[in-house]
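Given next are the chains, with one letter for each unit.
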Amino acid sequence: MFYLFQILSKLSIKNLYLLSDISYRIVYYFFPYRNKIITKNLKQVFPDKSKKNIKNLKKDFYAYFLDIIFETIKLLDFSEKDLQERVTIENPNIITKEKKKSIIIISGHYSNWEWLLATISIFWKKKTYAIYKPLSNKFFNKLIFKIRTKFGAKMLKKKHAGRFIIKNAEKSNIYFFLSDQVPENLNNVHRTSFLKTNTCFSTGVERLSFKTNASVFYAEMKKIKKGFYTIEFFKINNNITQKYIEKLEKTILQEPQNWLWSHNRWKR
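Residues numbered from 1 in each chain as written. Predicted model: local features only at pLDDT ≥ 70, side-chain atom pairs only at ≥ 80, totals over all residues. Heavy atoms only, no water.

Draft legend 1. View of the environment of Asn198. Considering the arrangement of structural elements, one finds Asn198 in strand β7 (residues 197-202). Separated by 70 residues in the primary sequence, Asn198 and Arg268 place their C-alpha atoms 10.0 Å from one another. In terms of polar contacts, Asn198 uses its side chain to reach the side chain of Arg191, at 2.8 Å. (Helix = DSSP H or I, 4+ residues; strand = E, 2+ residues; numbered from the N terminus. Polar contact = N/O pair within 3.5 Å; in protein donor to acceptor, adjacent residues only side chain to side chain.)

Draft legend 2. Here's a closer look at the packing of aromatic side chains. Under the counting rule described, the total for this entry stands at 28 aromatic pairs. For the ring pair Tyr28 and Tyr29, a centre distance of 4.8 Å and an interplane angle of 90 degrees mean the geometry is edge-to-face. The exposure class of Tyr28 is buried, given its relative accessible area of 12%. By way of ring pairs, the aromatic residues Phe46, Phe194, Phe201, Tyr218, Phe234, Tyr244, Trp259, Trp261 and Trp266 are connected into one cluster. (Phe/Tyr/Trp six-rings, centres within 6.5 Å; stacked < 30°, edge-to-face > 60°. Buried < 20%, exposed > 50% of the residue type's maximum accessible area, 1.4 Å probe, protein only.)

Draft legend 3. Region of the structure containing the pairing of strand β4 (residues 154-157). Note that strand β3 (residues 128-132) and β4 share 4 bridges and pair parallel. Pairing of Tyr132 across the sheet is with Lys157, part of β4. In the classification by handedness, the crossover that spans β3, the intervening helix α8 (residues 138-149) and the parallel β4 is right-handed. (Pairing = 2+ DSSP bridges. Right-handed = clockwise from strand over helix to strand, strands pointing away.)

Draft legend 4. The arrangement of the packing of helix α3 (residues 35-45) against helix α4 (residues 51-74) in detail. Where α3 meets α4, the closest approach of the two axes is 10 Å, and the angle between their N-to-C directions is 125 degrees. Taken together, the axes of α3 and α4 are oblique relative to one another. Both α3 and α4 take part in a crossing whose hand is right-handed. Contacts between α3 and α4 involve Asn35, Ile38, Thr39, Leu42 and Lys43 from the former and Ile54, Leu57, Lys58, Phe61 and Tyr62 from the latter. Residue composition of the contact of α3 with α4, grouped by class: 6 nonpolar, 2 polar and 2 charged. (Axes fitted to C-alpha atoms, helices over the stretch in contact; angles between N-to-C directions. Parallel < 35°, antiparallel > 145°, perpendicular 65-115°, else oblique. Left-handed = near helix turned anticlockwise from the far one by under 90°. Contact = heavy atoms within 4.5 Å. Nonpolar A, V, L, I, M, F, W, Y, C, P; charged D, E, K, R; others polar.)

Draft legend 5. Region of the structure containing the packing of helix α2 (residues 13-29) against α4. Their axes nearest at 9 Å, the elements α2 and α4 cross at an angle of 140 degrees. As the angle between them shows, α2 and α4 are arranged oblique. Seen along the crossing, α2 lies across α4 with a hand that is right-handed. From α2, Ile13, Leu16, Tyr17, Leu19, Ser20, Ser23, Tyr24, Val27, Tyr28 and Tyr29 reach across to α4, where they touch Lys55, Lys58, Lys59, Tyr62, Ala63, Leu66, Asp67, Phe70, Glu71 and Lys74. Per-class residue counts for the contact of α2 with α4 are 12 nonpolar, 2 polar and 6 charged.

What follows is the structure in structure tokens.
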């Protein structure tokens, strides 16, 4: 099955988008992936929107979601140059000037987070660690592992991340967190209003920054057009968790269809 993904990745990105468009129609009209969760989340966050508006937003999400899947597959074939032609970092100097410190980059499942990690790995030729929780499906876990490490990133299991980062505090590594999912440990959370909903967020990044003196940056990735993105970094100094939440919310509300609404974010 892995060879099928390799073959798909060799198709031009234009043809992959054609497959995405076909897949979107199949998924939306015949096999609506996580339809109940997506609908529940959208209605909860946008209670004032009409049924038609919610339906259109859901359709836009499915189209975006299928594009992300095929863009991620394309990473198996992309060269560094291919990706650099499609993703632009607006303010790289804000990261580059932090020469001798650990750096934590925090973002959410918005736009194309796989291309975001790949771009960070390519641009800064230093050790980049992506914090992750292994997938239950062994095949897809192996596939995602291969995709995420292609451009030099190293995978760091979530359960080992804290100790590793503290132990290597003096090294100028980059640590990449996606921090918009449900926290596993509810003993160390920050609870606040997020997208009009009472939501808990992990405070792990904030605690690690305090213990290691690491600089924390929020990465905002925006879709310019199909297959093209920009990245802008924002340094977060104090009250890190809350400021991250506010920035992520602002990003999502600009183009809400580009967030991962299929995740059961508010199950706790």
